[in-house]
Structure formats: structure tokens, C-alpha cells
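Coordinates in review
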Amino acid sequence: MAATDLPMPTVGPGSELAPRPMRFVVNWGRRYSMWVFNFALACCAVEFVATSTSRPDFMRFGVLPFAGGPRQAELLIVSGTVTDKMASAVHRLYEELPAPKYVISFGACANSGGPYWDSYCVTKGVDQLIPVDVYVPGCPPRPEALMHGIMKLQDKIAVAPAGDRRPEAGR
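Report on the accompanying structure. (Residues numbered from 1 in each chain as written. Predicted model: local features only at pLDDT ≥ 70, side-chain atom pairs only at ≥ 80, totals over all residues. Heavy atoms only, no water.)

What to know about the packing of aromatic side chains
To describe a pair of aromatic rings, one takes the distance between the centres and the angle between the planes. Evaluation of the coordinates by the stated rule reveals zero aromatic pairs. Of note, K101 hangs over the ring of Y94, and the distance from its end group to the ring centre comes to 4.5 Å. (Phe/Tyr/Trp six-rings, centres within 6.5 Å; stacked < 30°, edge-to-face > 60°. Lys NZ or Arg CZ within 6 Å of the ring centre and 35° of its normal.)

Notes on the nonpolar core
As a rule of thumb, nonpolar side chains are buried together in soluble globular proteins. Counting 17 residues, the largest nonpolar core has F39, L76, V126 and I130 as its most contacted members. Listed by contribution, the elements that provide at least two residues to this core are strand 1 (34-40), strand 3 (75-79) and helix 3 (87-96). No other element matches helix 3, which puts four residues into this core. Excluding its chain neighbours within four sequence positions, the residues that come into contact with V126 are V78, V82, V90, S105, A110 and V132. Counting residues in each nonpolar core, the second largest holds 16 residues, with C44, L75, L153 and I157 among its members. (Core = buried A, V, L, I, M, F, W, Y, C linked by side-chain atoms within 4.5 Å. Buried < 20%, exposed > 50% of the residue type's maximum accessible area, 1.4 Å probe, protein only. Helix = DSSP H or I, 4+ residues; strand = E, 2+ residues; numbered from the N terminus. Contact = heavy atoms within 4.5 Å.)

So, the pairing of strand 1
Of all seven residues in strand 1, five are buried; the element is thus mostly enclosed. Relative to strand 2 (residues 63-64), strand 1 runs parallel, the two sharing two bridges. Pairing of W35 across the sheet is with L64, part of strand 2. Sheet topology places strand 1 next to strand 3; five bridges connect them, and they run parallel. Paired with N38 across the strands is I77, a residue of strand 3. (Pairing = 2+ DSSP bridges.)

What follows is the structure, given as C-alpha cells:
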């Protein structure tokens, strides 16, 4: 039996009845221990690297950049123009993330195609392929914008029900 044939693990029956303090502890752990896999497709990737340096230092928020691969990460940051040829790779990376999995669309190109939106080979936003939790606008966005997006995602995770493995996408 291949590893991909195994059933997806669940939180368990009656998880919605978990006491509020337990949900707080579980969500706190998810919120402040996120490994990031950056799928860098264009110039926004440079801003991601700038965010992970010592000046903005998003590690103090419990976000650890540069996971070894998508199977070691909870957060996928898609930065740059997603072309139709790269669409299958983006979808495959999303499927490889373990649950709970979160997605940040970083930059105008990842959000909506950016200045290339009318090109025949550009996907009109990564949300056409996978569910997105937070959109970070800009061309390219500043490091502070990514930090703000991460904090917004952490706020969504903090109020998520215990049985819910991801916050409402796109809100």
C-alpha cells in the first residue's frame, strides 16, 4: 500500500465539542509555529528574502522561513506570475503540504496576474488553482506588507474552530 493511499487523518469525532481552552492551545501552537515554503516565480521573491532578514525578522512571530520542502511546511507563499505551464506545479505543491495548510498570495501577479493579466498564458490569480487564505497586494509588496499578511493569517488561525483545519479562505 502506497503512502498516498492512506486515509486523511482527522481531528476526531466530537472535536467541535472541545473545550474552549483546548481550542486556544491547539490554535496557539498552529499560529506560532509555521514553516514557510516560498514558491518564488518572479521579482516578489526578492521581497520575501528581504522579509526573512534580520531587520524585519518575521521569525519573532513564530514563522520559520525556508522549509526543506513542501512536506515540511504549513504555509505556502506564492510570489510572482503564475503561468499556465506552472499551474500544475502550484497545485502539486499545495497537495504535498500536510494539513493544516495555509496559502498566502504575495504580490499583484499572484493575486490577479498583475500587469500581465491579459496575456494568453498567465493564470488570472493563484486562487483559480488553490484556495488562498490571505492576499498581499503590491508590485512588489514591501516586507512590512508580508509581515502584515502573516499576522492576518495568524489572527484567522487563532479563532478557527478545533475541527477546522484551515480558516475561511479569501476573507
